[in-house]
Structures are given as structure tokens and as C-alpha cells.
Amino acid sequence: MSVLPLVFTSGWASGINAYAVVLLLGIFGATGLSDDVPESLQRPEILITAGVLFLCEAVADKIPYVDSVWDSVHTVIRPAAGAWVGALLAGQSGSLSDLAAGAIGGSTALASHTVKAGTRMAINTSPEPFSNFVMSTAEDLGVAGILTFAMFHPEAAAIVAGVLLLAGLLALFFLISRIRRFLRRRAQRREEKRLAERVGQPPD
């Protein structure tokens, strides 16, 4: 069976929470739930590192504005993780070239990361803080649920991930105006802070 559906699903999930993907795949392989998980993802040091980083993301991802900073830092990390996981899965299966799997996993992760980061920017325009917590929790549960589903039904999980990705891109298109307001507001805050620091400086 081709590993392509699992590569696509793991790429989509990596764009949302790469550490959860590495942690879950490693656990699936270590417990014998799946034979498609390479040994390198099952190593204890990989699992521990992914677990610690997952906990850090679970906290940062639920704090308004901190989540957007975290997303900015992970603009490179998440696609790179999606490409890395995809290449490893392809190497384990042998049914898809490592290069093709890396390209699919990385590009899919970049697309889903863009949806997540853009959606968070739009959510941060709301004055109440609870939407961040709700959205972050839904993302974590969604990644865990769909990735687990992919272990047993990879084709169906890939379809679900594809539908969610398309829906997210469409939603992001309609949220662009809110995102622009968010960026203008952040730039204005920086300018006000810079002016305040300049006023507070003693004269030469």
C-alpha cells in the first residue's frame, strides 16, 4: 500500500502541531500500533524532546499574541518537520521516493501552517481571550484524532485532512481584512512604544 495518504495527513498535521505529530507517530511505532513508523521516530530521546516541546506549544498556543509569535518562529520549523517526517515514512515504506514525500509533506505543512497562523491573527483581533484556548484545544484534538484515524484508514484520513485544509484556506481568504487590521494595530503599538521610549530618554 502506498504511504502517500499518511504522508499527506502527517504533513497537514505538522503544519498545525509538528511536535504532536512526531510524538504520536513515535508512540504508534513504539507500541506496535503501526509498522509504517520508522525506528528513528521511536527513539527515546526523540520522544522525550517532542513531548517537552509539545507541552511548550500547548501553553504558548493558548495565550493571545504569544501564539502569533510562536507561529512566526515556526514558519520554517513546521514545513521542515512535515518534509522530514514525510521522507522518513517514505523511506520506511519504500513505495514512494523520499524526495517526493518530503516535497508533499513540507508543502502540505506549509499550507496548513499558513491557515493556522492567519486564523490566529484574526482571532487575536477579538478582545476576549477564550477563543484562543478553544481553537488551540480543537487543533490539538483534531491532530490527535485524524492522525490516529490515519493509522487504520489512511485514505479516508487523507480525504478529511484535504477537506479541512481546503476549508481553512477558504476561511483564511475571508479573514484577510481582519488580519490586515491586526498587523496595522501591532505596527501602531510598536511605533507608540518607540516614541514613548524616545520621549523618556534624557536630553543629551
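What you see is a predicted model, and the numbers here were worked out from it, not measured in a lab.

Basis of the calculations
- Residues numbered from 1 in each chain as written.
- Predicted model: local features only at pLDDT ≥ 70, side-chain atom pairs only at ≥ 80, totals over all residues.
- Heavy atoms only, no water.
- Helix = DSSP H or I, 4+ residues; strand = E, 2+ residues; numbered from the N terminus.
- Buried < 20%, exposed > 50% of the residue type's maximum accessible area, 1.4 Å probe, protein only.
- Areas by Shrake-Rupley, 256 points an atom, 1.4 Å probe, with all protein chains shown as cover.
- Lys, Arg positive; Asp, Glu negative; His and termini not counted.
- Charge placed at Lys NZ, Arg CZ, Asp CG, Glu CD.
- Patch = residues over 30% accessible without salt bridge, like charges linked within 9 Å, V, L, I, M, F, W, Y side chains within 5 Å.
- Salt bridge = Lys/Arg side-chain N within 4 Å of Asp/Glu carboxyl O.
- Core = buried A, V, L, I, M, F, W, Y, C linked by side-chain atoms within 4.5 Å.
- Contact = heavy atoms within 4.5 Å.
- Expected span 1.5 Å × (residues − 1).
- Arc of directions from axis to C-beta.

## Examining the overall build of the protein chain
- Counting its regular elements, the protein chain contains 7 helices and 0 strands.
- Secondary structure elements of the protein chain, listed N to C terminal, follow the sequence α-α-α-α-α-α-α.
- When each of the 204 residues of the protein chain is scored for burial, the buried share is 43%.
- In the structure as shown, the protein chain presents an accessible area of about 10600 Å², 71% of it carried by carbon and sulfur atoms.
- Across the protein chain, the 16 positively charged side chains and the 17 negatively charged ones have centroids separated by 14 Å.

## A closer look at a nonpolar patch on the surface
- Together, L166, L170, F173, F174 and I176 make up a nonpolar patch on the protein surface, roughly 560 Å² of accessible area in all.
- Considering each element in turn, the nonpolar patch owes the most residues, 4 residues, to helix 6 (residues 154-174).
- For L170, the location among the structural elements is in helix 6.

## Let's talk about the nonpolar core
- Membership of the largest hydrophobic core comes to 30 residues, with the highest contact counts inside it found for W12, L25 and F28.
- Listed by contribution, the elements that provide at least two residues to this core are helix 1 (4-30), helix 2 (44-60), helix 3 (66-93), helix 4 (98-123), helix 5 (130-152) and helix 6.
- At 12 residues, the largest contribution of residues to this core is made by helix 1.
- Excluding anything up to four places from it in sequence, W12 contacts T108, A109, S112, G142, I146, A161, L164 and L165.
- In terms of nonpolar packing, the next biggest core, distinct from the first, is built from 5 residues, A122, L172, I179 and F182 among them.

## Structural notes on helix 6
- Between the first and last C-alpha of helix 6 there are 30 Å, a value that for 21 residues agrees with the 30 Å anticipated at 1.5 Å per step.
- The complete set of buried residues in helix 6 reads P154, A157, A158, A161, L165, G168 and L172. In a view along the axis of helix 6, the buried residues occupy a sector of 100°, so they form one face of it. In this structure, helix 6 carries I159, V163, L166, F173 and F174 as exposed residues pointing more than 90 degrees from its buried face.

It is worth stressing that arrangement in space is one thing and function is another; only the former is reported here.
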